[in-house]
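# Analysis of the macromolecular model
So you can see what is in the structure, the chains are spelled out below.
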Amino acid sequence: MNAQQKHVVAEQKEKIWTRNFVLICLANFFIFLGFQMTLPTLPLFVEYLGGNDQLIGLVVGVFTFSALIVRPFAGHALETRGRRFVFLFGLLIFVISVGSYSFISSIFLLFLMRVVQGIGWGFSTTASGTVATDIIPANRRGEGMGYYGLSGNIALAFGPSLGLVLAAAIPFSHLFMICAALGVASLLFAAAITYKKAEAGHDKGEKKWDLYEKTALIPSVLLFFLTVTFGGIASFLPLYTAQKQIGGLQLYFLLYALALMVTRTFAGQLYDRKGHRAVFLPGAGLVLLAMLMLAWLPGEWALLTAAVLYGFGFGMVQPGLQAWSVERAPVHRKGMANATFFSFFDLGVGIGAIVFGQISHWFGYPSIYLAAAGSVLISMLVYLSVLRKEQPLRSGQKRNA
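Residues numbered from 1 in each chain as written. Predicted model: local features only at pLDDT ≥ 70, side-chain atom pairs only at ≥ 80, totals over all residues. Heavy atoms only, no water.

Per an unreviewed UniProt entry, the recorded name for the protein chain is Antibiotic resistance protein (Antibiotic effluxprotein), and the organism is Geobacillus thermodenitrificans. According to UniProt, the comment filed for the protein chain under the heading Subcellular location (unreviewed entry) is "Cell membrane". (UniProt positions renumbered as here; feature names shortened; annotations may be inferred.)

Have a look at this one:
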């Protein structure tokens, strides 16, 4: 093999857009589309069933907590049972649970099936992120995870608006059956992927069962304080805008998703070249401004401005944090690193939804977004603390060199 042929082979190995990568992106798109269509409509469904703000927070929160509980098991299963089994199992549970909403007529049954949906979501999204990590070349992981995230962002661009339009036009039962059908489409694409075999660890002293991957803790904790904001947006923004008689909610989700998509085209590459220092603080700062804008919310223009700020901010931060979580983990712990990352994502959304439900009950909807801004500020302070601890280490390494 001559030098030119070796160069061609090397380029082929470094390709991101392979058949498997396209399939994982399609599977991710359809499961996220089904999920995003339920995100703004479930609070309306709970209200339709007679629930209040506190119950809305509980219904949203229990989903994320059930996903949180199963993620460590999903992480271990990815390394022992394999990627295919965990991914398809999670998608099947998701389809069954969302389809069951079509037949639910009480908040108690909805609460139970949200627990089941959370289990399916926990298994499927942990597996999906790990499969994407397997497929993407290591030296282009930030860029690849950004493109992979686009599949979910495109779903976000249309899902919430489509869900709200359908909820106004057809019964909730029909809406949830459509969401389940989208889950079936995801299942079919996932079944067509050629999966990489998990690499078992060889450390005999390693615990068989644990709850997290320690190398992923720092980026996951930072993510937690940021995703708390999701609880306020997903659970209460439809009700908040209705109370203030402000339109544009469907356009909010569209602009948010478009901003995410634009940011994903360069944020991952920026992370690959310059690291988390180039993306975290600017992105978190934009999310902070978005929360303050929502707390103020004088009119539709402010709502749409917040959407763009939030999309650009979270689009800069999330792919970099996910790549950071996975890149330091041992080969046989990539699945557990993804489980840790998404567990903190779920924990942030769940705590945000439940706490904000109580805050809105006591102080009103604007206070939700002030509290969310405080959470973002904490993430920025934690990050600065991490940088201060890393700086002496880097200086010491340079002197030793």
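Counting its secondary structure elements, the protein chain contains 14 helices and 0 strands. Order of helices (α) and strands (β) in the protein chain, N terminus to C terminus: α-α-α-α-α-α-α-α-α-α-α-α-α-α. Scaling as 2.2 N^0.38, a compact globule of 401 residues should have a C-alpha radius of gyration of about 21 Å, and the protein chain matches this with 21 Å. For the protein chain, the spread of C-alpha atoms along the three principal axes comes to 70 × 45 × 45 Å. A burial count over the protein chain gives 59% of its 401 residues as buried. For the protein chain, long-range pairs separated by at least 24 residues make up 87% of all intrachain contacts whose partners lie at least 6 apart in sequence. When the accessible area of the protein chain is evaluated, it comes to approximately 16900 Å², of which 67% is carbon and sulfur surface. For the protein chain, the distance from the average site of its 30 positive side-chain charges to the average site of its 17 negative ones is 5 Å. (Helix = DSSP H or I, 4+ residues; strand = E, 2+ residues; numbered from the N terminus. Rg over C-alpha atoms; globule rule 2.2 N^0.38 Å. Buried < 20%, exposed > 50% of the residue type's maximum accessible area, 1.4 Å probe, protein only. Contact = heavy atoms within 4.5 Å. Areas by Shrake-Rupley, 256 points an atom, 1.4 Å probe, with all protein chains shown as cover. Lys, Arg positive; Asp, Glu negative; His and termini not counted. Charge placed at Lys NZ, Arg CZ, Asp CG, Glu CD.)

For the structure shown, the criterion picks out 5 salt bridges. A salt bridge links D346 to R71; its shortest N-O distance comes to 2.4 Å. Here R71 lies in helix α4 (residues 53-80) and D346 lies in helix α13 (residues 334-363), a separation of 275 residues in the sequence. Where E143 meets R140, a salt bridge forms, and the shortest distance between an N and an O atom there is 3.1 Å. Overall, the relative accessible area of 12% leaves E143 in the buried class. You can call R140 partly exposed: its relative accessible area is 27%. (Salt bridge = Lys/Arg side-chain N within 4 Å of Asp/Glu carboxyl O.)

Turning next to the domain arrangement of the protein chain. We note that the domain assignment places domain 1 (15-193) and domain 2 (215-389) within the protein chain. Computed over C-alpha atoms, the centres of domain 1 and domain 2 are 19 Å apart. Each side of the interface is counted separately: domain 1 has 45 residues, and domain 2 has 44 residues. Across the domain 1/domain 2 interface, buried area totals approximately 3800 Å², and carbon plus sulfur atoms make up 68% of it. Counting every contact that joins domain 1 to domain 2 gives 1 salt bridge. For the pair domain 1 and domain 2, the number of links is 9 residue pairs in polar contact (both at pLDDT 80 or more). Counting residues per element, the ones that place at least two in the side of domain 1 that touches domain 2 are α3 (41-48), α4, α6 (107-135) and α7 (141-169). It is α4 that contributes the most residues to the side of domain 1 that touches domain 2, 17 residues altogether. (Domains from an automatic or database assignment. Buried area = accessible area lost by both parts, 1.4 Å probe. Polar contact = N/O pair within 3.5 Å; in protein donor to acceptor, adjacent residues only side chain to side chain.)

A separate point is the packing of α7 against helix α12 (residues 300-327). How two helices pack is summed up by the angle between their axes together with the distance between the axes. At a closest axis distance of 9 Å, the pairing of α7 and α12 adopts a crossing angle of 130 degrees. Judged by the angle between their axes, α7 and α12 are oblique. Relative to α12, the crossing made by α7 is right-handed. Counted together, R141, G142, M145 and G146 of α7 and P319, Q322, A323, V326 and E327 of α12 form the full contact between these two elements. Residues belonging to the contact of α7 with α12 are distributed by class as follows: 4 nonpolar, 3 polar and 2 charged. (Axes fitted to C-alpha atoms, helices over the stretch in contact; angles between N-to-C directions. Parallel < 35°, antiparallel > 145°, perpendicular 65-115°, else oblique. Left-handed = near helix turned anticlockwise from the far one by under 90°. Nonpolar A, V, L, I, M, F, W, Y, C, P; charged D, E, K, R; others polar.)

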